[in-house]
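# Structure at a glance
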Amino acid sequence: MKWKLMILPALLLPVLAAAAPKLVENGRSDYAIVLPQSAILPEETAAKELQSMLKRISGAELPIVRDETYAGKAILLGRSDRTAQLLGVDFRELRPDEILLKQCGDDLVLSGDRPRGTLYAVYEFLEELGVRRWTFRDEEIPHLATIGLPPRDCRYAPPFEGRDRLGGTNGTYGAWMRVNGHYLNVPESHGGVIRLIGWCHTFGEMIPPREFAKSHPEYFAEVDGKRGVWDDRNGFPQLCLSNPEVRRILREKTLERLRSEKNPRIISVSQNDSWGAMAENYCRCEKCAALDQAEGSPMASVLSVVNEVADAVKKEFPGVLVETIAYHYTRRPPATLRPRENVIIRFCTRNNFLYPWDSGENAAGRDEFLAWSRIAPKLYVWNYTANFGNTMMPHPSLRNYAADLRFMAANNVIAVLEQGYGRGLTGDLLPLHNYLLCKLMWNPQLDQEKLTDEFLTGYYGAAAPAVREYMDASWELFRRRALKLGGSMIEKEALPLADLLELKRIFDRAEQLVQSDPARLLRVRTAAMVVDLPILHSAEAAYENRETPAGRELRSRLDLPALVRKTAETYRKLDCRDFYRENGRLSIDSYIDTAAKRVTGDWSGGRPAPDICRDVRPEDWRRFGPESFVSWECTRKQEDGATVLEFPTRKNNWLVHWNYRPEFGLDGEWRVFVALRTETAVRNGNALMIGSSGFGQRPVRIDECRGKQFRWIDFGVRNFKGGGRLVFAPSGIDQKLEIREIVLVRENRSK
């Protein structure tokens, strides 16, 4: 930080500490918290939080006074003629979120930029006193009967005016951690957020493919000679950006949205999200291709239309910025085309997290970024820090956070989004990731190792050395095996069982170190889930492999059913429901449940085998009920010990999804049965449509599932290798349509 501090000989410090003003002495204080009459809402919040926290620390409750002429001892908050004079500043010249802390005689001034600066200055002061908030619900409050006010004179502005962290730093905790990004839901009372209208991937909002693909296929990208065709498993189609009508619609929709907003600041005009088979689905029509080829990048087509929109925005909304993303195929900048002054380029990274961004291992992404840093008038970064393929496995991506943020700050980045996942407690040491990233976005010059030690000691207590050993060991295992630490890894692409068992031994020692500390024991066991769950989902742990040499060896070393029970109990005590894969909304509950089924071979859900599985070995059939479905607008009920899901009537959307994953162990071919029933006065037609990734669709006629009893619908034989989903859409008629379960029966099984 750019602190202005008095550096004093160590021998003088005890004398000065004794002579320093006492904010609190023996639990009593003669100070007041003074606010100006013109204080804004976040400054009022700052006064209340300072008052509350000082009382929790010392027992002394300082009054809050709204009188700039108050003559007693004071902590002066906010912006007034008095604080400006004491600080010697012109508040109009402050940088975004700049803070000021200054000792002026007996008084302390805490102020800053609006709307958040004063609140951040209060938080800075409280952290100096030893207050720590490790997560949104875990904190450390010191108990101090006496609080001195040693000399201080600090003025600091963060290098990134925008600081966003997705994954557990929302609300008032986000304010405490000094993040202010769009999706953090920081209330206005705590300074709010920097709102980005549309947020991201807005082409599809302005020109929805479901609305226009059939009526205007010319609006969409030409790929392999076809337009308006897409596979929604892999995102949305891109637009034909040389089409004049597309350009007109994008301009008009952007202006319409801005006219509907109060005090707009930034609006997103950005390409659709697409991945997998559609990751490179930009337009190859003659006009688009000509521009892209001349400029050496498909970003040329995107930037040409974004610039056109930005020109229109500037005429009507001169203070508003237009944001677009350099993502997938648009990461490389055009050769000569340049962003307008009111355009933000948000560069999306694609790094190997094991190594710094500014390293040979990440040379391609580094060079693309540096090219943008030389030409973009306003450069943001969207950095990925998580494993979105499976959050519940080792993913040591945190080693280079400080180095990477310093690299960004040195190369003209003015805002950073660090994308994580979930609610901030599960995953691979996610509380530590959040703590480090927020602290380092605020000040990249801080010592990451010291911050790490501070967090580990405070959060894990006596287990801190063992958790640090796990961090180092997991990074070294990935490095030794030359694994690329990416953002979409699954179990088969990461550490083998031998490595996981080595890491488990470290966590076992960590648990022993905090056996007498229930809160920290739960934190250690929560961290250990990223090792325990991959072990339980390993091929060696599968029930059908129990008699193989590797299966016998694993079961001789670990009581796998007991490990499942321990993991389930840890997650229950944590009381923080979350996903292990956000794409598909796959819950950790279901991941633990699947582990139990794989280890025991019991996929019955605690109920008798259905008739279609009579005489089928337990390992040759699987039952998946509504607890493993993702649904919208449906209602659940219990019937004969089973959960039943009822679709809303007169709807024809894909309202129920069943996502199948590699961890289900569905190698080979399986016959799919779905238990359905409907009650309706309609006599003919379809009740439901079943769709499947890569397998087409199958309508279910009303007569196939009509009645009081559930009927088995045969969806045929499918190969479930890899991942995908089954989806269910009612036909839109007036009916009471219900689904109870999906049952899979292995084809070509042993009799």
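Residues numbered from 1 in each chain as written. Predicted model: local features only at pLDDT ≥ 70, side-chain atom pairs only at ≥ 80, totals over all residues. Heavy atoms only, no water.

Here we take up the pattern of salt bridges. Enumeration over the complete set of coordinates arrives at 65 salt bridges. For Arg152, the salt bridge identified is with Glu128, shortest N-O distance 2.6 Å. Taken as a pair, Arg152 in the loop between strand E10 (147-148) and strand E11 (153-156) and Glu128 in helix H4 (residues 117-128) lie far apart in primary sequence, 24 residues in all. Using a relative accessible area of 11% as the deciding quantity, one classes Arg152 as buried. Ionic contacts of the salt-bridge type, sharing partners, join the residues Glu124, Glu127, Arg178 and Lys439 into one network. (Salt bridge = Lys/Arg side-chain N within 4 Å of Asp/Glu carboxyl O. Helix = DSSP H or I, 4+ residues; strand = E, 2+ residues; numbered from the N terminus. Buried < 20%, exposed > 50% of the residue type's maximum accessible area, 1.4 Å probe, protein only.)

The next thing to look at is unusual backbone geometry. The peptide bond linking Arg114 to Pro115 adopts the cis configuration, its omega dihedral lying at 10 degrees. Checked against the element boundaries, Pro115 lands in the loop between strand E7 (107-112) and H4. A positive phi angle is found at Leu429, which is not glycine, with a value near 50 degrees. Relative to the helices and strands, Leu429 is located in the loop between strand E20 (413-419) and helix H13 (430-442). The class for Leu429 is buried, based on a relative accessible area of 3%. The phi torsion at Glu633 lies on the positive side, around 65 degrees, for a residue other than glycine. Positionally, Glu633 belongs in the loop between strand E24 (629-631) and strand E25 (635-639).

Bringing the pairing of strand E28 (residues 669-679) into the picture now. With 8 of 11 residues buried, E28 lies mostly within the body of the structure. Pairing between E28 and strand E31 (residues 711-719): 8 bridges, direction antiparallel. In the sheet register, Ala675 faces E31, and the bridge partner there is Trp712. (Pairing = 2+ DSSP bridges.)

With that settled, consider the state of the cysteines. For the structure on display, the rule yields 0 disulfides. For the unlinked cysteine Cys200, the closest cysteine sulfur is that of Cys348, found at 6.5 Å. Considering cysteine sulfurs only, Cys285 is the nearest to Cys283, which forms no disulfide, with 3.6 Å between them. Cys283 sits in the buried class, given a relative accessible area of 4%. (Disulfide = S-S within 2.5 Å.)

With that out of the way, let us pick up the packing of helix H9 (residues 286-295) against helix H10 (residues 299-316). Any two packed helices are characterised by how steeply their axes cross, that is the angle between the axes, and by the distance between the axes. Direction vectors running N to C along H9 and H10 enclose 105 degrees, while the axes themselves pass 7 Å from each other. When the axis of H9 is compared with that of H10, the two are roughly perpendicular. On the side of H9, the interface is formed by Cys288, Leu291, Asp292 and Glu295, while H10 contributes Ala300, Ser301 and Ser304. Considered class by class, the residues forming the contact of H9 with H10 number 3 nonpolar, 2 polar and 2 charged. (Axes fitted to C-alpha atoms, helices over the stretch in contact; angles between N-to-C directions. Parallel < 35°, antiparallel > 145°, perpendicular 65-115°, else oblique. Contact = heavy atoms within 4.5 Å. Nonpolar A, V, L, I, M, F, W, Y, C, P; charged D, E, K, R; others polar.)

Interaxial distance between helix H2 (residues 41-58) and H4 falls to 8 Å at its minimum, and their mutual angle equals 15 degrees. Here H4 runs roughly parallel to H2, going by the angle between their axes. Where H2 crosses over H4, the two elements pack in a sense that is right-handed. Contacts between H2 and H4 involve Pro42, Glu43, Thr45, Ala46, Glu49, Leu50, Met53, Leu54 and Ile57 from the first element and Thr118, Leu119, Val122, Tyr123, Phe125 and Leu126 from the second. For the contact of H2 with H4, the per-class residue count stands at 11 nonpolar, 2 polar and 2 charged. (Left-handed = near helix turned anticlockwise from the far one by under 90°.)

Moving on, we get to the packing of aromatic side chains. To describe a pair of aromatic rings, you give the distance between the ring centres and the angle between the ring planes. This model, assessed by the stated rule, comprises 28 aromatic pairs. Their ring planes at 50 degrees and their centres at 5.4 Å tell us that Trp134 and Tyr435 sit as a pair that is tilted. Here Trp134, found in the loop between strand E8 (132-133) and strand E9 (139-140), pairs with Tyr435, found in helix H13; they are 301 residues apart in sequence, far enough to count as distant. The residues Trp134 and Tyr435 share a single accessibility class, namely buried. Look at Tyr183 and Trp199: their rings are 4.6 Å apart centre to centre, the planes differ by 75 degrees, and that puts the pair in the edge-to-face class. Of this pair, Tyr183 sits in the loop between helix H5 (171-176) and strand E13 (196-197) while Trp199 sits in the loop between E13 and helix H6 (203-206), and the two are 16 residues apart along the sequence. (Phe/Tyr/Trp six-rings, centres within 6.5 Å; stacked < 30°, edge-to-face > 60°.)

Picture the strands of a sheet paired through backbone hydrogen bonds; they go either parallel or antiparallel. With respect to topology, 7 strands assemble into an open sheet ordered E12-E20-E19-E18-E17-E16-E13, the strand pairing being parallel. Of all strands in the sheet, those bounded by a partner on one side alone are strand E12 (162-166) and E13. Both E12 and E20 contribute to a ladder of 5 bridges, which runs parallel. Bridging across to E20, Leu166 finds its partner in Gln419. Each of strand E19 (379-384) and E20 is contacted by helix H12 (residues 401-409), which is oriented at about 150 degrees to E20, the strand it contacts most.

Positionally, Gln419 belongs in strand E20. Of note is the side chain of Gln419, whose polar atom sits 2.7 Å from the side chain of Trp382. Contact partners of Gln419, with chain neighbours within four places excluded, come to Arg165, Leu166, Trp382, Asn383, Tyr384, Thr385, Ala386 and Phe388. (Polar contact = N/O pair within 3.5 Å; in protein donor to acceptor, adjacent residues only side chain to side chain.)

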